[in-house]
Amino acid sequence: QDRGAAVAVRQEVDANGKTVARYIKKGVRDFSFGNTLGEGSYSTVVFATDRQTLKEYAIKILDKRHIIKEKKVKYVNIEKDTLNRLTDHPGIVRLYYTFQDERSLYFVLDLCKGGELLGVLKRMTTFDEECTRFYGAQILDTIDYMHKRGVIHRDLKPENVLLDHQMYVKITDFGTAKILKTRRPEESTSSIPPIDSSDLPEEERASSFVGTAEYVSPELLTEKNACKASDLWAFGCIIYQLLAGRPPFKAGNEYQTFQKIVQLDYEFPIGFPAVARDLVERLLVLEPARRLQIEHIKNHEFFDGISWGAELWKQKAPRLKAYV
Ligand SMILES: C[C@@H](Nc1nc2c(c3cc(-c4cn[nH]c4)ccc13)C(=O)N=C/C2=C\CC1CC1)C(C)(C)C
């Protein structure tokens, strides 16, 4: 029986008249399922409505046999642990409950009616600077939150950036995330700047190959190690792609794409905005420790006008316009 958090409590009177709390777990029968929203490699995400509250959710359904056969149990647990750890930020897809039946595992999550950022970008071909600035800022604010909680995403890409009903960013797909070991307690005071994992000893850095070819960082290809700066490499690729309409490193096959990455072989299309170009050039740096860190990115001229923090998640999302 899945020991996921009990989600409701009902007062009941037991045999000898004592009032007891009865913990109720949600199950498949509590939801009515609708269309498939997306297909992952080991999962299907389906629209669902809670029969009691009529609230709408996305439910990720994983076939247990398939996961065991494909040895993906580790990834399922990493995703659940990561989502349970990243619970109070608007830019992270929220996990409400988990339950299972004999065949499947179910993750009940935020419904993101805007779908995948990649789909929106394809329909627009490109984003203009204002849209790139807004979506870049929400993505960066969310990466900052993840990193401060010791989580590296490791597979950031436009497909994993979803949009909710307000067209706000919701980052998802944490199956390949890495949870860094928590720091020794005496170093947890805020006076000491957060350790960037790139200056941690080898064994404290993430160490297993993941990622999608076009967004994989050079250090993952050469040393098999991802660090927080790897997410900022992917961030640089996303900023480039929003304005250019294509990722900076793309070749005929994965191997050729990897070659372009380790050789830093990419160029900017004519007309690519100069300030954005400066930012991308400071992110797509082969040496992780020399890549811009989050505080510097926030202060970069490209993000002039962005008020970081709560305001960023209150203002209206800009109307989507293409960069012409
Ligand atoms: C990237 C992902 N695609 C999607 N994942 C999620 C969606 C989602 C929604 C639409 C959509 C909504 N309206 N129209 C399209 C299209 C694709 C979606 C959602 O609403 N809530 C949570 C999701 C995922 C959370 C889970 C990973 C923890 C893949 C392709 C892997 C299934």
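For the structure itself, look to the data block above.
Definitions and cut-offs
Residues numbered from 1 in each chain as written. Predicted model: local features only at pLDDT ≥ 70, side-chain atom pairs only at ≥ 80, totals over all residues. Heavy atoms only, no water. Helix = DSSP H or I, 4+ residues; strand = E, 2+ residues; numbered from the N terminus. Buried < 20%, exposed > 50% of the residue type's maximum accessible area, 1.4 Å probe, protein only. Core = buried A, V, L, I, M, F, W, Y, C linked by side-chain atoms within 4.5 Å. Contact = heavy atoms within 4.5 Å. Pairing = 2+ DSSP bridges. Axes fitted to C-alpha atoms, helices over the stretch in contact; angles between N-to-C directions. Near = heavy atom within 4 Å. Polar contact = N/O pair within 3.5 Å; in protein donor to acceptor, adjacent residues only side chain to side chain. Areas by Shrake-Rupley, 256 points an atom, 1.4 Å probe, with all protein chains shown as cover. Parallel < 35°, antiparallel > 145°, perpendicular 65-115°, else oblique. Left-handed = near helix turned anticlockwise from the far one by under 90°. Nonpolar A, V, L, I, M, F, W, Y, C, P; charged D, E, K, R; others polar. Arc of directions from axis to C-beta. Disulfide = S-S within 2.5 Å. Expected span 1.5 Å × (residues − 1).

A.B. asks: What am I meant to see in unusual backbone geometry here?
C.D. replies: What is expected of a backbone is that most residues other than glycine have negative phi and most peptide bonds are trans. Look at Leu54: it is not a glycine, yet its phi comes out positive at around 65 degrees. Along the chain, Leu54 turns up in the loop between β4 (44-50) and β5 (56-63). If you check the backbone angles, Asp173 has positive phi at about 65 degrees while not being a glycine. With respect to the helices, strands and loops of the structure, Asp173 is situated in the loop between β11 (169-171) and β12 (178-179). Residue classification places Asp173 among the partly exposed residues on the basis of a relative accessible area of 31%.

A.B. asks: Honestly, the nonpolar core in this entry has me stumped. Any pointers?
C.D. replies: One recurring pattern in soluble globular proteins: nonpolar side chains tend to sit buried together. Formed by 72 residues in total, the largest nonpolar core has its most connected members in Ile139, Phe235 and Ile297. Ignoring sequence-local partners within four residues, the contact set of Ile297 consists of Leu140, Leu232, Phe235, Leu279, Leu283, Leu292 and Phe303. Core analysis: the second largest hydrophobic core is formed by 8 residues, Tyr97, Phe99, Tyr106 and Val108 among them.

A.B. asks: Before we go on, may I ask you to explain the environment of Leu162 in this structure?
C.D. replies: Relative to the assigned elements, Leu162 resides in strand β10 (residues 161-163). Sequence-distant contacts of Leu162, defined by excluding residues within four places in its chain, comprise Val93, Cys112, Gly115, Glu116, Leu117, Tyr168, Val169, Lys170 and Thr172.

A.B. asks: How should I be thinking about the sheet that holds strand β7 (residues 104-109) in this particular structure?
C.D. replies: The strands making up a sheet associate through backbone hydrogen bonding, with each pair oriented either parallel or antiparallel. In spatial order, the strands read β3-β4-β5-β7-β6; together these 5 strands make up an open sheet with antiparallel pairing. Two strands lie at the open edges of the sheet, namely β3 (31-39) and β6 (95-100), each paired on one side alone. Along the sheet, successive strands turn relative to each other by an average axial angle of 25 degrees, direction set aside. By the bridge criterion, 6 bridges tie β5 to β7 in an arrangement that is antiparallel. Counted as the bridge partner of Ile61 is Tyr106 from β7. Relative to β7, helix α2 (residues 73-85) is tilted by about 25 degrees, and along the sheet it contacts β5, β6 and β7.

A.B. asks: Where do I start with the site of the ligand in this structure?
C.D. replies: Near the ligand lie 19 residues; those nearest to it are Leu37, Asp110, Cys112, Glu116 and Thr172. Within the backbone of Cys112, a nitrogen or oxygen atom sits 2.8 Å from an oxygen atom of the ligand. Within the contact set of the ligand, a nitrogen atom lies 3.1 Å away from a side-chain nitrogen or oxygen of Glu116. For the ligand, the accessible surface in isolation is 640 Å², of which the surrounding protein chains cover 87%.

A.B. asks: Just to check I follow, could you spell out the sheet that holds strand β8 (residues 115-116) for this structure?
C.D. replies: Here 3 strands make up an open sheet; going across it, the order is β8-β10-β11 and the pairing antiparallel. Lying at the two open borders of the sheet, with one neighbouring strand each, are β8 and β11. Direction of pairing for β10 relative to β11: antiparallel, over a ladder of 3 bridges. Its bridge partner lying in β11, Val161 is registered against Ile171. In this fold helix α4 (residues 129-148) packs onto β10 and β11, with an angle of close to 40 degrees to the strand it touches most, β11.

A.B. asks: For this particular structure, what's the right way to read the packing of helix α6 (residues 228-244) against helix α8 (residues 274-283)?
C.D. replies: Axes are the key here: two packed helices are described by the angle between their axes and the distance separating the axes. It is the contact of α6 with α8, at a shortest axis distance of 8 Å, that shows an interaxial angle of 150 degrees. By the angle class used here, α6 and α8 are roughly antiparallel. Crossing handedness for the pair α6 and α8: left-handed. For the pair α6 and α8, contact is made by Leu232, Trp233, Phe235, Gly236, Ile239, Tyr240 and Leu243 and by Ala276, Val280 and Leu283, respectively. Here the contact of α6 with α8 is built from residues that sort into 9 nonpolar, 1 polar and no charged.

A.B. asks: What should I look at first to understand helix α7 (residues 254-262) in this one?
C.D. replies: Because an α-helix packs 3.6 residues into every turn, residues spaced three or four apart end up facing the same way. Considered for burial, the residues of α7 that qualify are Thr257, Phe258 and Ile261. Buried residues in α7, looked at end-on, bunch into an arc of 100 degrees, giving them a common side. Where α7 is buried, its residues contact α5 (218-222) and α6. Of the residues flanking the start of α7, the one acting as N-cap is Asn253, its side-chain oxygen 2.9 Å from the backbone nitrogen of Tyr255. Looking one or two residues past α7, Leu264 carries a phi angle of roughly 50 degrees, positive in sign.

A.B. asks: Would you explain the state of the cysteines in this entry?
C.D. replies: One covalent bond between the sulfur atoms of two cysteine residues makes up a disulfide. Counted under the stated rule, the structure contains 0 disulfides. In this structure Cys227 is not part of a disulfide, and its nearest cysteine sulfur, from Cys237, lies 14 Å away.

A.B. asks: Hey, could you run me through α6 in this one?
C.D. replies: If you check α6, its first and last C-alpha atoms are 25 Å apart, about what 17 residues at 1.5 Å a residue would give, namely 24 Å. Most of α6 is tucked away: 16 of the 17 residues are buried.

A.B. asks: Hey, could you run me through the packing of α4 against α6 in this one?
C.D. replies: Between α4 and α6, whose axes approach to 10 Å, the crossing angle comes to 165 degrees. Regarding the angle of α4 to α6, the classification is roughly antiparallel. In the crossing of α4 with α6, the sense of the turn from one axis to the other is right-handed. Between α4 and α6, the residues in contact are Glu129, Thr132, Gly136, Ile139, Leu140, Ile143 and His147 and Lys228, Asp231, Leu232, Phe235, Ile238, Ile239, Leu242 and Leu243, respectively.

Structural measurements only, silent on function.
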